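A structural walkthrough
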Amino acid sequence: MMNIETPNLPDAEILYFPDFFSETEADLYSERILKDTAWRQDKIKIFGKEMLQPRLTALFAENTKSYTYSGLTMHPEAFPEVLLEIKQAVEKVSEVRFTACLLNLYRNGRDSMGWHADDEKELGRNPEIASVSFGAERIFHLKHKKKNARFKLKLENGSLLIMKGSTQHFWKHQLPKTKMEIGHRINLTFRKID
Ligand SMILES: O=C(O)CCC(=O)C(=O)O
Ligand SMILES: [Fe+2]
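Residues numbered from 1 in each chain as written. Chains lettered and ligands numbered in written order. Predicted model: local features only at pLDDT ≥ 70, side-chain atom pairs only at ≥ 80, totals over all residues. Heavy atoms only, no water.

Per an unreviewed UniProt entry, the recorded name for the protein chain is Alpha-ketoglutarate-dependent dioxygenase AlkB, and the organism is Autumnicola tepida.

On the basis of which strands lie adjacent, the open sheet formed by 4 strands has the order 9-14-11-12 and antiparallel pairing. Where the open sheet ends on each side, the last strands, each with one partner, are strand 9 (113-116) and strand 12 (150-155). On average, each strand axis in the sheet is inclined to that of its neighbour by 15°, with strand direction left out of account. Alignment of strand 11 (residues 138-144) against strand 14 (residues 171-175), held across 4 bridges, turns out to be antiparallel. (Pairing = 2+ DSSP bridges. Helix = DSSP H or I, 4+ residues; strand = E, 2+ residues; numbered from the N terminus. Axes fitted to C-alpha atoms, helices over the stretch in contact; angles between N-to-C directions.)

Here the focus is the packing of aromatic side chains. In the structure shown here, the tally under the stated rule is 6 aromatic pairs. Where Phe21 meets Tyr29, the ring centres are 5.3 Å apart and the plane angle is 70°; that geometry is what we call edge-to-face. Across the pair, Tyr29 and Phe21 agree in class, each one buried. The positively charged end of Lys143 is found above the aromatic ring belonging to Trp115, 4.4 Å away from the centroid. (Phe/Tyr/Trp six-rings, centres within 6.5 Å; stacked < 30°, edge-to-face > 60°. Buried < 20%, exposed > 50% of the residue type's maximum accessible area, 1.4 Å probe, protein only. Lys NZ or Arg CZ within 6 Å of the ring centre and 35° of its normal.)

So, in structure tokens, the structure goes:
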């Protein structure tokens, strides 16, 4: 039986599968994705100042529709075999079929992602987002937009985190920097983009 944790948070629906993939599977996937992906580092504007994103990314999708987030428009490439394999495994526990996957590569503890909600209108109302983690463990933070509620979750190698229901409407999340000397982490977020 697969382990599953369901943190009981107000206005959120979150499922966490700590060992969705075995360590062996996770290490193999991680290596393949790391070397076969054309990673890019885009510029973003923060308070009018141009900066490089503090991580590398890549976007894959079933169609060629562009995807805009944080003022950055990305044009997807076709899904490679390895991502289709992972997508299929994830869709056995998700309620939706995903059309796109955003990859994030956090090279070390200095790479990060700031507070945001995945609430772009292309994702529709109450989007389901499935997030797979490979490599170094990082702490994922959630905070309620209106209530005084916060939650932290360690995202382990081979784990799957599903956020659905009203989660994006009521909560923000981030992946903060850490001072720990750690290696890279690859994150895959599967989305349904209309
Ligand atoms: O790296 C993570 O776990 C978070 C990624 C994320 O929030 C996103 O891609 O929208
Ligand atoms: Fe996100």
